[in-house]
Amino acid sequence: MAAIETQQLAREFEGGIKAVDGVDLAVDAGEIYGFLGPNGAGKTTTVRMLTTLLQPTGGRAQVAGFDVASEAGEVRRKIGVALQEAALDPLMTGRELIQLQATLHGLARERGNELGDALLGRVGLTQAADRRVGTYSGGMRRRLDLAAALVHEPSVLFLDEPTTGLDPVSRQAIWEEVSKLNAEGTTVFLTTQYLEEADRLADRVGIIASGRIVAEGTPAALKADVGKPHLELSLADQNGNEARCTEVLARFGKPLPSKDGKLLVELEHGTSEVGPIVVALNEEGLAVESLDLVQPTLDDVFVAKTGEHLEGSEAAEQEPVAG
Ligand SMILES: Nc1ncnc2c1ncn2[C@@H]1O[C@H](COP(=O)(O)OP(=O)(O)O)[C@@H](O)[C@H]1O
Ligand SMILES: [Mg+2]
């Protein structure tokens, strides 16, 4: 059964802003689906509709088999949500917050306490459980959010930019927890601006720009779609040897124009061809000095589909900064 299905889902805001503009999704139970796009693309609006917090103005959506508009109560019982801008009361402790969630979901006090302790341990907040949330770091708040979303053991978990603004260590901790939850059977719908996050976690990725899905598939398939990996290589003694080297490389793939004194060749398959190339060059007496296998990235996909770089991608970070 599909965990999430939408047909031409749309949300228009006052003033005619089409935040979500006809989105078709089909997320299988057990999948991690990455919803990747820049700021303002429509990610949060989509999540808010899928989690019954906002009414669609067009199309339909079913989550865990229930319609988000006409069966909102059933949907809510099946889902967990950690929103981008979660409003955590800074005066409450982590433990109190989790227990409040448990109460809201109708768990008996004892069961709520047990589960709360287990969840706080799970996200590494046992030590901090009795501190006020106001003293938590960004990473700790996100982990508490995640724990709070898990209180009623949801089958579908929605995470809206769970790691935006976090340091690499906190980001890693969230990634590990999401992977674990998914391995235990939870379907995860995760929005992100980070290519690396989508690439690392998601079974499939939908790229959203201006309210529309512009590309969808496994990270590998999306990348393969825009281009093949290529090898960049320099020889220990390049002088006069370039032509012979290019000849050897041409046996393995299409030679590309050289760049910064490096010789480039496009490869059909990538990694598995690197060894044979080095061997073939050695047999010709050509010693390799440096060698880089360059894989296309999800940013390349985004650029190919929209003409723009994603924020958070290496290429975007290299853009000159004004002033
Ligand atoms: N309540 C609202 N009223 C008017 N416009 C909104 C509202 N919420 C979001 N938008 C607009 O809808 C678009 C998509 O926003 P959002 O879904 O938050 O994007 P994302 O989460 O991908 O950054 C943006 O142009 C945003 O300004
Ligand atoms: Mg958002």
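Everything here concerns the structure above.
Now for a look at the structure at hand. (Residues numbered from 1 in each chain as written. Chains lettered and ligands numbered in written order. Predicted model: local features only at pLDDT ≥ 70, side-chain atom pairs only at ≥ 80, totals over all residues.)

### Some words on the site of ligand 1
Here comes step 1: Close to ligand 1 lie Phe13, Ile17, Ala19, Gly37, Asn39, Gly40, Ala41, Gly42, Lys43, Thr44 and Thr45.
Here comes step 2: Counting residues per element, the ones that place at least two in the shell around ligand 1 are β2 (17-28) and α1 (43-50).
Here comes step 3: Sort the elements by how many residues they give to the shell around ligand 1 and α1 lands first, with three residues.
Here comes step 4: When grouped by side-chain class, the residues that make up the shell around ligand 1 number four nonpolar, six polar and one charged. (Near = placed C-beta within 6 Å. Helix = DSSP H or I, 4+ residues; strand = E, 2+ residues; numbered from the N terminus. Nonpolar A, V, L, I, M, F, W, Y, C, P; charged D, E, K, R; others polar.)

### Some details on the sheet that holds strand β12 (residues 255-259)
Here comes step 1: Overall, antiparallel pairing links the four strands, which are arranged β12-β13-β11-β14 in an open sheet. The two strands at the open ends of the sheet, each matched to only one other strand, are β12 and β14 (288-294). Taking the axes of each pair of neighbouring strands and ignoring which way they run, one obtains an average angle of 20° across the sheet.
Here comes step 2: As paired strands, strand β11 (residues 230-235) and strand β13 (residues 262-266) are joined by four bridges and run antiparallel to one another. Paired with His230 across the two strands is Glu266, which belongs to β13.
Here comes step 3: Strands β11 and β14 of the sheet are contacted by helix α10 (residues 271-283), whose axis makes an angle of about 160° with β14. (Pairing = 2+ DSSP bridges. Axes fitted to C-alpha atoms, helices over the stretch in contact; angles between N-to-C directions. Contact = placed C-beta atoms within 7 Å.)

### Notes on unusual backbone geometry
Here comes step 1: In this model, Glu153 sits at a positive phi of 50°, which is unusual for a non-glycine residue.
Here comes step 2: Mapped onto the fold, Glu153 is located in the loop between α5 (138-149) and β7 (156-160).
Here comes step 3: Of the residues examined, Glu153 has 11 C-beta atoms within 10 Å and is grouped as exposed.
Here comes step 4: For Ser210, which is not a glycine, the phi torsion comes out positive at approximately 50°.
Here comes step 5: Its location among the elements puts Ser210 in the loop between β9 (204-209) and β10 (212-217). (Buried ≥ 20, exposed ≤ 12 C-beta atoms within 10 Å, placed from the backbone.)

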